[in-house]
Amino acid sequence: QVQLVESGGGLVQPGGSLRLSCAASGSIVSIYTMAWYRQAPGKQRELVAVTSDSGSTNYLDAVKGRFTISRDNAKNTVYLQMNSLQPEDTAVYYCNMRIQRATLNEYWGQGTQVTVSS
């Protein structure tokens, strides 16, 4: 069994920063992509940032220059540093990993609320 546990969400004022973390535990051979998604009320879930096992990254246009995704392979952990947060960044953020065990499967974290408000 694999579990993804997220932490780091909360309430922040516009212009502030937060750092999200997501750690995978269980019997893991390797982790390919690690990603962050978000879902705002009444909207579809969208990909915010993704990093591959080679270290390449891609970002949603709306967060480029403000958010940074990084990974620590030794800890099976992915991070999302979020700077210059705006009210439109308010959403539940979910981590996602493609993990190799006996087979390759996709796993999701439980979600963490990020609220940007004055």
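All values derive from a computational prediction rather than experimental measurement. In every chain, residue numbers begin from 1 and rise along the written sequence. Only residues with pLDDT of at least 70 get local features here, since the model is predicted, and only at 80 or more are side-chain atom pairs given and counted; chain-wide, interface and lining totals rely on the full set of residues. Note that water and hydrogens are dropped before the side-chain values are worked out from all heavy atoms of the structure.

### With respect to the packing of aromatic side chains
Ring pairs shown here join Phe, Tyr and Trp side chains whose ring centres sit within 6.5 Å, with only the six-membered ring taken for Trp; geometry is labelled stacked below 30 degrees between planes, edge-to-face above 60, and tilted in between. Scanning all chains against the criterion turns up one aromatic pair. Its guanidinium or amino end placed over the ring of Tyr79, Arg19 lies 4.0 Å from that ring's centre, counting from NZ or CZ. Positioned above the aromatic ring of Tyr94, the side-chain terminus of Arg45 is 3.8 Å from the ring centre. Note on criteria: charge over ring means Lys NZ or Arg CZ within 6 Å of the ring centre, with the direction from the centre no more than 35 degrees off the ring normal.

### Observations concerning the sheet that holds strand 7 (residues 67–72)
Strands pair, by our definition, only if DSSP identifies at least two bridges between them. Per the convention used, a helix needs a DSSP run of H or I reaching at least four residues, while a strand needs a run of E reaching at least two, with both numbered from the N terminus. With respect to topology, four strands assemble into an open sheet ordered 1-3-8-7, the strand pairing being antiparallel. For this open sheet the edge positions go to strand 1 (2–7) and strand 7, each flanked by a neighbour on one side alone. Strand-to-strand twist of the sheet, defined as the mean angle between neighbouring strand axes without regard to direction, takes the value 15°. By the bridge criterion, six bridges tie strand 1 to strand 3 (residues 18–26) in an arrangement that is antiparallel. Each residue of the ladder has a partner; that of Ser7, found in strand 3, is Ser21. For helices, the fitted axis covers only the stretch in contact; all axes are lines through C-alpha atoms, and the angles between them, taken along N-to-C directions, range from 0 to 180 degrees.

### Considering the pairing of strand 4 (residues 30–39)
Relative to strand 9 (residues 91–100), strand 4 runs antiparallel, the two sharing eight bridges. Along strand 9, the bridge assignment pairs Trp36 with Cys95. Across five bridges, the pairing between strand 4 and strand 5 (residues 46–51) is antiparallel. Note on strand 5: the bridge partner recorded for Arg38 is Glu46.

### Points about the nonpolar core
Counting residues in hydrophobic clusters, the biggest one holds 28 residues, and the most contacted among them are Leu4, Trp36, Leu80, Met82, Tyr93, Met97 and Ile99. The dominant element in this core, judged by the number of residues it contributes, is strand 9, at five residues. Ignoring anything within four residues of it in the chain, the contact list for Leu4 reads Cys22, Ala23, Ala24, Cys95, Asn96, Met97, Ile99, Tyr107, Trp108, Gly109 and Gln110. Take the buried Ala, Val, Leu, Ile, Met, Phe, Trp, Tyr and Cys residues and link them wherever side-chain atoms come within 4.5 Å; each set so joined is a nonpolar core. A simple rule labels every residue: compare its accessible area, found with a 1.4 Å probe on the protein chains alone, to the largest value its type can have, and call it buried under 20%, exposed over 50%, or partly exposed in between. The contact rule is simple, with two residues in contact once any of their heavy atoms fall within 4.5 Å.

### Side note on the side chain of Thr112
With respect to the helices and strands, the residue Thr112 is situated in strand 11 (residues 112–116). When its relative accessible area of 12% is taken as the criterion, Thr112 is described as buried. At a separation of 3.3 Å, a polar atom in the side chain of Thr112 contacts the main-chain amide nitrogen of Gly9. Leave out the neighbours within four places in its chain, and Thr112 touches Glu6, Gly9, Leu20, Ala91, Val92 and Tyr93. Here a polar contact means two N or O atoms within 3.5 Å. Within protein one must be a hydrogen donor candidate and the other an acceptor candidate, and residues neighboring in sequence count only if both atoms are side-chain atoms.

### Focus: the pairing of strand 7
Residues Phe67, Ile69 and Arg71 of strand 7 are buried on one face, while the alternating residues Thr68, Ser70 and Asp72, pointing to the opposite face, are not. As paired elements, strand 7 and strand 8 (residues 77–82) share six bridges and run antiparallel to each other. Counted as the bridge partner of Ser70 is Tyr79 from strand 8.

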